[in-house]
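In case you want the letters, here they are:
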Amino acid sequence: MKKLCKDFLKCGILGWCLEILVSGAEALRRQDKTLTCHTSLWMFPIYGCACLIGPVYRILKHLPKTVRGLIYMTGIFSVEYATGRFLDKKGQCPWSYQKSPWNISHVIRLDFAPAWFLIGLLFEKAVAANDSRT
């Protein structure tokens, strides 16, 4: 349980950092000289849920990386959809993809699949590192 809590914190921080880098890169692409980045406090526990990749990895580690990445991607989409819908119903969702033709219910974008695939494997590496059970 202690490892799961540490991994929750690690994944929450890693997710925040990735979101800051991505939103900063988006500001750079828009030629916004302030390079303003953004995230939300809501995102920390959402990214923290990636700690569950650790126990899943211990079950799936015999599978090819491609299969594991697809499973993580599906899990990330599921969490993003569930939390997005929940927060949206409360008027507190920090993201909206309504302008994208690839959106589902404004809370997930199917064109993010390659990114979630890679980020799932990144989270795997973060939570499986130094794990004596791997």
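As shown above, the structure is provided for reference.
Residues numbered from 1 in each chain as written. Predicted model: local features only at pLDDT ≥ 70, side-chain atom pairs only at ≥ 80, totals over all residues. Heavy atoms only, no water.

**Student:** Would you take a moment to explain the pattern of salt bridges for this structure?
**Tutor:** Should the charged atoms of two oppositely charged side chains come close, the side chains can pair. For the structure on display, the rule yields six salt bridges. Glu26 serves as the salt-bridge partner of Arg29, at 2.6 Å between the closest nitrogen and oxygen. With Arg29 and Glu26 both in helix α1 (residues 2-29) and three residues apart, this pair spans about one turn of that helix. The closest approach of N and O atoms between Asp111 and Arg109, which form a salt bridge, is 2.6 Å. (Salt bridge = Lys/Arg side-chain N within 4 Å of Asp/Glu carboxyl O. Helix = DSSP H or I, 4+ residues; strand = E, 2+ residues; numbered from the N terminus.)

**Student:** Just to check I follow, could you spell out the side chain of Asp7 for this structure?
**Tutor:** Mapped onto the secondary structure, Asp7 falls in helix α1. Given the relative accessible area of 4%, Asp7 is considered buried. Other than its neighbours up to four places away in sequence, Asp7 contacts Cys51 and Val127. (Buried < 20%, exposed > 50% of the residue type's maximum accessible area, 1.4 Å probe, protein only. Contact = heavy atoms within 4.5 Å.)

**Student:** Got a minute to help me understand unusual backbone geometry in this structure?
**Tutor:** Trans is the common state for peptide bonds, and a negative phi is the common state for residues other than glycine. Its identity as a non-glycine residue notwithstanding, Gln31 has a phi of 65°, on the positive side. Mapped onto the secondary structure, Gln31 falls in the loop between α1 and α2 (43-48). Although it is not a glycine, His106 adopts a positive phi angle of roughly 65°. Within the fold, His106 resides in the loop between β1 (103-104) and β2 (108-109).

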